[in-house]
Amino acid sequence: MSIQAQSNSAPAISVAMSVYNGGSYLTEAIESVLAQSFTDFEFLILDDGSQDASRSIAESYASSDPRIRLIARENRGLVASLNELFDIARAPLVARFDADDICAPTRFARQAAFLAAHPDHGLIGCDTPYIDAAGAPARNPPIQRPHDHADLIANLEDGPLICHSAVMVRREAVMAVGGYRPAYRHAEDYDLWLRLAGRTKLANLPEPLLHYRISPDQVSTRHMVEQAQGAAIAWLAYQLREAGQPDPTEGQSALPRLAELDALFGPGAATYVRRRVVDRTLYSPEALAGDGWDILLQYAAEARSEVRLWRTAARLLRWGRPVHAGRMAAALAGLAA
């Protein structure tokens, strides 16, 4: 279903927001878009089969503001939703936005002005201070993002250097690289940035134009291991493309298993991916109790000289996991884990 008819003239910006059970913060998010100083936009809200009040909240705004177009359907996941939003967007510029964040009033104006002045750039992000669940400034220190293209490329492996919810991008650039790839679920944005980097310039404005909400139930927390693994494989694929070689994940619906990586990407690929996952999960009790545990144990057997891994064994003991701590110590000592 879709609410609101389209006007004859295309807007300057299409705002693309997918929401799934985001009713807790959706009102504040929508109002921050409607309060933009730049007003020539269409606001595409795709309700991805929410079971809470998200759809009714979006419907109430769509009924009173003709710029809002609501698409409501069954749940298909974020990647499918984003590709659908880019497919139906009518503007040459698309502003991504998540349903729990807050736009500063000048966000669209500043980003559109940058892209107008820099036709060689296909994407512009911005600085994104953190807020907590209540909307207050969070204690987490803000990410120090590189601002110009050269610095972004130089540091692109490390990420997260571009905030997905805060980007404005040329629609044609995204469509030219095939949109979001379903194999990279939970790392779909990083994979897209890497593919765009081979075709256009990327940058971040040094201004806090979006407030990024952090909460225990957000995707980057719940799917930390899968996200880190996908990001690491995306980097390996980027390196192959840069070397003029085919991307083995192109056209795939799922990423290869760790055991397959060395054959696809070259010797050391699996160890590299395990290290990248460990980098993200060492201080997460939840990740190390779940999918991250086997990856950590295998990496410990491969990289026994890393002092931080012995500290992790001690940390597991403090967390009340003596069996895990013992298996970790055995792997580090080169014994059977």
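Worth saying up front: this structure is predicted, and the values here are computed from it rather than measured.

S.K.: When you look at the overall build of the chain in this model, what are you seeing that I'm missing?
M.R.: On a plain count of helices and strands, the chain comes out with 15 helices and eleven strands. Here the chain has a C-alpha radius of gyration of 21 Å; the compact-globule value for 337 residues is 20 Å, and the two agree. Counting only C-alpha atoms and orienting by the principal axes, one finds that the chain spans roughly 70 × 45 × 35 Å. Evaluated residue by residue, the chain yields a buried proportion of 51% over its 337 residues. Across the chain, every contact between residues at least 6 apart in sequence was considered, and the portion connecting residues at least 24 apart equals 75%. With the model as given, the accessible surface of the chain reaches about 15100 Å², and the carbon-plus-sulfur share is 52%. Here the chain contributes 33 positive and 40 negative side-chain charges, whose respective centroids are spaced 4 Å apart.

S.K.: In this structure, what is going on with the side chain of S81? I would like to understand it.
M.R.: If you trace the backbone, S81 turns up in helix α3 (residues 78-88). Beyond its immediate sequence surroundings of up to four residues, S81 is in contact with S18, L46, D48 and R73.

S.K.: Mind showing me how you'd approach helix α7 (residues 188-197) here?
M.R.: Because the α-helix completes a turn every 3.6 residues, residues three or four places apart line up on one side. Judged by how many residues are buried, α7 sits mostly within the fold: ten of ten residues are covered. Those residues of α7 not exposed but buried are E188, D189, Y190, D191, L192, W193, L194, R195, L196 and A197.

S.K.: What is the right way to read the sheet that holds strand β6 (residues 102-103) from this model?
M.R.: By definition, the strands of a sheet pair up through backbone hydrogen bonds, in either a parallel or an antiparallel sense. Pairing in this open sheet of three strands is mixed, and the strands run β6-β11-β8 from one edge to the other. In the strand order of this sheet, the two ends are held by β6 and β8 (130-131), each with one partner. Where β6 and strand β11 (residues 210-213) come together, two bridges link them in antiparallel fashion. Looking at the pairing, C103 lines up with L210 of β11.

S.K.: In this structure, what is going on with the pairing of strand β7 (residues 121-127)? I would like to understand it.
M.R.: Successive residues of a regular strand alternate their side chains across the two faces of the sheet. Taking burial as the measure, the seven residues of β7 include seven buried ones, the bulk of the element. Where β7 lies against strand β10 (residues 201-208), six bridges are found, and the strand directions are parallel. If you follow C126 over to β10, its bridge partner there is L205. Of the pairings in the sheet, the one linking β7 to strand β9 (residues 168-170) comprises two bridges and is antiparallel in character. Its bridge partner lying in β9, I124 is registered against M168.

S.K.: Teacher, can you tell me more about the environment of H149 here?
M.R.: Tracing the chain through its elements places H149 in helix α5 (residues 149-154). Exposure remark for H149: the relative accessible area of 18% places this residue in the buried category. The spacing of H149 and T200 is 51 residues in sequence and 9.4 Å in space, taken between C-alpha atoms. Ignoring any residue separated from it by four or fewer positions in sequence, one finds H149 in contact with H121, T200, K201 and L202. A distance of 2.9 Å separates the side chain of H149 from the backbone nitrogen of L202, its partner in a polar contact.

S.K.: Can you walk me through the nonpolar core in this structure?
M.R.: Taken as a class, soluble globular proteins show a tendency for nonpolar side chains to be buried jointly. Judged by nonpolar contacts, the single largest core of 53 residues is most densely connected at L123, L196, L261, F265 and V273. Secondary structure elements with two or more residues in this core: β3 (41-48), α3, α6 (171-176), α7, α9 (224-242), α10 (261-265) and α11 (269-281). It is α9 that provides the largest number of residues to this core, a total of twelve residues. If we ignore the near neighbours within four places in the chain, the residues touching L261 are I233, P256, G266, A269, A270 and V273. With 36 residues, the next largest nonpolar core counts V19, L26, A104 and C126 among its residues.

S.K.: Which parts of the structure should I look at to understand the pattern of salt bridges?
M.R.: Scanning the model with the defined rule gives 23 salt bridges in all. In this structure, the salt-bridge partner of R181 is D247, at a minimum N-O distance of 3.0 Å. Separated by 66 residues along the polypeptide, R181 in the loop between α6 and α7 and D247 in the loop between α9 and α10 bring together distant segments of the chain. Assigned by exposure class, R181 and D247 land together as buried. Where D191 meets R195, a salt bridge forms, and the shortest distance between an N and an O atom there is 3.1 Å. Highlighted residues: D191 and R195, both in helix α7, separated by four residues, approximately one helical turn. What makes D191 buried here is its relative accessible area of 0%.

Quick notes on the rules
Residues numbered from 1 in each chain as written. Predicted model: local features only at pLDDT ≥ 70, side-chain atom pairs only at ≥ 80, totals over all residues. Heavy atoms only, no water. Helix = DSSP H or I, 4+ residues; strand = E, 2+ residues; numbered from the N terminus. Rg over C-alpha atoms; globule rule 2.2 N^0.38 Å. Buried < 20%, exposed > 50% of the residue type's maximum accessible area, 1.4 Å probe, protein only. Contact = heavy atoms within 4.5 Å. Areas by Shrake-Rupley, 256 points an atom, 1.4 Å probe, with all protein chains shown as cover. Lys, Arg positive; Asp, Glu negative; His and termini not counted. Charge placed at Lys NZ, Arg CZ, Asp CG, Glu CD. Pairing = 2+ DSSP bridges. Polar contact = N/O pair within 3.5 Å; in protein donor to acceptor, adjacent residues only side chain to side chain. Core = buried A, V, L, I, M, F, W, Y, C linked by side-chain atoms within 4.5 Å. Salt bridge = Lys/Arg side-chain N within 4 Å of Asp/Glu carboxyl O.

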